[in-house]
Protein chains: 2
Amino acid sequence: MVHDIDERSQFILKAIVQSYIMNVEPVGSRTVSKMYGVEISPATIRNVMSDLEEMGYLEQPHTSAGRIPTDKGYRFYVDSLIDIPILAKAESDRINKNYESKLTEIEKVMESTSRLLSYISRQAGIVLLPRFTTITFRHISFIKMRDNQVLAIFVSESGVVQNKVIRLEEDLRQEELDTITAYLNSEFGGLTLKMIRERIIEIMANDKREYDNLLRKAMDLSQKAFLEGSIEEDIYVGGTTNILEQPEFIADVEKMKTIFKAFEEKAKLIKILDKCLEEEGIHIVIGAESEIQEIRDCSLVTHTYKHGDSVLGVLGIFGPKRMEYPRIIAIVDYTAGIVSKILSGEPS
Amino acid sequence: MVHDIDERSQFILKAIVQSYIMNVEPVGSRTVSKMYGVEISPATIRNVMSDLEEMGYLEQPHTSAGRIPTDKGYRFYVDSLIDIPILAKAESDRINKNYESKLTEIEKVMESTSRLLSYISRQAGIVLLPRFTTITFRHISFIKMRDNQVLAIFVSESGVVQNKVIRLEEDLRQEELDTITAYLNSEFGGLTLKMIRERIIEIMANDKREYDNLLRKAMDLSQKAFLEGSIEEDIYVGGTTNILEQPEFIADVEKMKTIFKAFEEKAKLIKILDKCLEEEGIHIVIGAESEIQEIRDCSLVTHTYKHGDSVLGVLGIFGPKRMEYPRIIAIVDYTAGIVSKILSGEPS
DNA sequence: TTTAGCACTCACCCGAAGAGAGTGCTAATA
DNA sequence: TATTAGCACTCTCTTCGGGTGAGTGCTAAA
């Protein structure tokens, strides 16, 4: 696409986006003209607006209304027209304060993070605890429950804990379980789940006669524990009620319902967040870019967070397309940094 | 309170409540008169209605509108005017089907139950996993995480698993942990958490010189594990979006916001559910009876569920006051029975 | 005691009128 | 040639008044 949008047009586009973000109503030429720093007459602005509309950056809800930004308009705005501010001290303090209490359980960190994000942004806060597959495995324990059922507990290097109940054909004594546990921990500790899966398949592919009875049981168990059924991703969504405060959704209950349904399903959200995981750093999804019908009026700003050097998950803020991108980006960026630090065990 | 409400009045009250539940609009005398099985003139009905209003069972949104039931009206209706139907085969089948897949992890059971309840009732489904304190403890495991941190895993007799990260002053080797684990399991297995707490205090009250080093460490650890910080209750709320479908809340976004805020806070819901736990069986909370301002337009129908003979938690359906009580009660009752069976390990 | 009749009360649903915001076009201006 | 002033026009939103209808309470008759 040719980049035939001159500086003045950019300036006007920026003004329109910002005005719309603040006031949630279509922006007219007069409004722009009267804004601070604009020395252009309404008539000229109208011409520019008309051009911007033709290029697809703006649209009109109806004739004789002002313009509102399209997805493309927002996209251009976040890509080219804003600079990310340094977070206000009060806000970064607020974020730091949230982690002072030395949370250790990763679920708690995630939950309180989603709440924190929603609180400072007045939007919904989202945190994705990612597929266990990419995480380095540290320790597994098996605990015998009632007959033929064993509770498997995985602990990852970064402190994520997962439980899973396994059903066995044969009954194992706790001592057997303990032996198997010791074996698996020495065999698999430090590998990622993906590597473990490959390793299991490799071991099992070897000549079966070499197996002693216990190894067979161990492999049987670990197959059930590591291979079957994906350990699902965990997603935390906090502050969904903030969506209820957005004027555009109060005016349109239908839209609100759609969004809440998306929250409840989660699968769709996870799909988007998975994409955000692919690349380290900030990721912004605007409206229909998500290709998810239900949330085409919303945007999502995310940032990956890490444990040491490896990307662990992604956190972000979800709100109407009309969000204060600069500030939201700054918040998400800063928070991701802090969370990464916490998870890596650094003192805050 | 004197029970001066004759049979005909009861009949009319019942008709009004049912009509209102179905149509969500104030019920007038003509409407009642035209209903099947009513052979009374509108004028007479008006007189009766007037009496019922005076007694506090009905109210008028405004003069010249029909009547709607008050909380007291609903209360009388559920207490005296309905009989609980036998659940339709299709519905009980649907419930049974939900549990066919042999869920074993209690969290999964709870989650899928809350979803199930919301699905068949078209209201919100709620399940409370109660305080760990009342549950019989089966097994504890300690897993060493990074320096000075230990992951404690509790397994209850009924299969509830809880994780908790503990911070220690001194570093323990895994072997020490294993010894301690074995000791604690033999010492505490089969007791409730409450009993365990008492036991710990008792042991620690004994002359300290009797302690060998390991016992001291064991007590230190178990104190952190069992005494400090309550292991919180888990509540599952499914199908909150069904609330968005209720005509009365679509018409009043303000009310909707309030309810969703209550969902998000959870503490208030837990408070009500705790009360429902106190007594085995069905529990119905109508409107302001909950004494929680935010949900004064809603009702809650709950039933306790059990593991063996001891009450484990409570499940129920949350919706507008105007709910189909007979059917909802039947659903909740039936589901509680099934869940209890599942948890007790009986074949379904 | 029940019922028919009737005047009265409100909420709700139009439709018309008016205001206001904003546009696009044209012609004048720098 | 680019910008601006002027102007007619469009369209939404609000307001207001009248009409409608559901429902009531009261009174008097059955």
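Residues numbered from 1 in each chain as written. Chains lettered and ligands numbered in written order. Predicted model: local features only at pLDDT ≥ 70, side-chain atom pairs only at ≥ 80, totals over all residues. Heavy atoms only, no water.

## Overview of the interface of chain B and chain A
Step number 1: With 38 residues of chain B at the interface, the matching set in chain A holds 38 residues.
Step number 2: Across the chain B/chain A interface, buried area totals approximately 3300 Å², and carbon plus sulfur atoms make up 59% of it.
Step number 3: The interface formed by chain B and chain A holds four salt bridges in total.
Step number 4: The closest approach of N and O atoms between E245 of chain A and K257 of chain B, which form a salt bridge, is 3.2 Å.
Step number 5: At the boundary of chain B and chain A, one finds 10 residue pairs in polar contact (both at pLDDT 80 or more). (Contact = heavy atoms within 4.5 Å. Buried area = accessible area lost by both parts, 1.4 Å probe. Salt bridge = Lys/Arg side-chain N within 4 Å of Asp/Glu carboxyl O. Polar contact = N/O pair within 3.5 Å; in protein donor to acceptor, adjacent residues only side chain to side chain.)

## A word on the domain arrangement of chain A
All names here are of chain A.
Step number 1: Assigned domains within chain A: domain 1 (7-81), domain 2 (89-130 + 233-343) and domain 3 (133-227).
Step number 2: Summarising the inter-unit geometry, the C-alpha centres of domain 1 and domain 2 are found 28 Å apart.
Step number 3: Sorting the residues of domain 1 by area buried against domain 2 places I21, D71 and R75 first, and these three jointly supply 49% of that buried surface.
Step number 4: At the boundary of domain 1 with domain 2, the tally comes to two salt bridges.
Step number 5: The partner of D71 in a salt bridge is K321, with the nearest N and O atoms 2.6 Å apart.
Step number 6: Within the residue set of the side of domain 1 that touches domain 2, elements represented by two or more residues are α1 (7-23) and α4 (71-81).
Step number 7: Take the side of domain 1 that touches domain 2: its biggest share by element is five residues, from α4. (Domains from an automatic or database assignment. Helix = DSSP H or I, 4+ residues; strand = E, 2+ residues; numbered from the N terminus.)

## Observations regarding the relation of the copies chain B and chain A
Two chain copies, one operation linking them: a rotation about an axis together with a shift along it.
Step number 1: Of the transformation superimposing chain B on chain A, the axial component is 0.0 Å and the angular component is 180°, with the fit at an RMSD of 0.1 Å. Here the symmetry operator amounts to a two-fold rotation axis.
Step number 2: Comparing interface residues between copies, 100% of those in chain B also sit at the interface in chain A, which points to an isologous, same-surface contact. (Least-squares fit on C-alpha atoms with pLDDT ≥ 70 in both.)

## Points about the environment of V150 of chain B
All names here are of chain B.
Step number 1: Within the element layout of this structure, V150 appears in strand β5 (residues 149-156).
Step number 2: Each C-alpha atom, one on V150 and one on L221, is 9.2 Å from the other, the two residues being 71 residues apart in sequence.
Step number 3: In this view, V150 contacts F142, I143, M145, K164, V165, I166, L168 and L177; residues no more than four positions away in its chain are not counted.

## Here we look at the protein's contact with DNA strand D
Step number 1: Taken together, 20 residues lie near DNA strand D, and R8, T44 and S64 of chain A together with S29 and R67 of chain B sit nearest.
Step number 2: Per the 4 Å cut-off to the protein, sugar and phosphate atoms form 81% of the nearby atoms of DNA strand D.
Step number 3: Within the contact set of DNA strand D, a phosphate oxygen lies 2.9 Å away from a side-chain nitrogen or oxygen of R67 of chain B.
Step number 4: Breaking the surface near DNA strand D down by element, the ones donating at least two residues are α3 (42-55) of chain A together with α2 (29-34) and α3 (42-54) of chain B.
Step number 5: Among the elements that make up the surface near DNA strand D, the one with the highest residue count is α3 of chain A (four residues).
Step number 6: Taken together, the residues of the surface near DNA strand D break down into four nonpolar, 12 polar and four charged. (Near = heavy atom within 4 Å. Nonpolar A, V, L, I, M, F, W, Y, C, P; charged D, E, K, R; others polar.)

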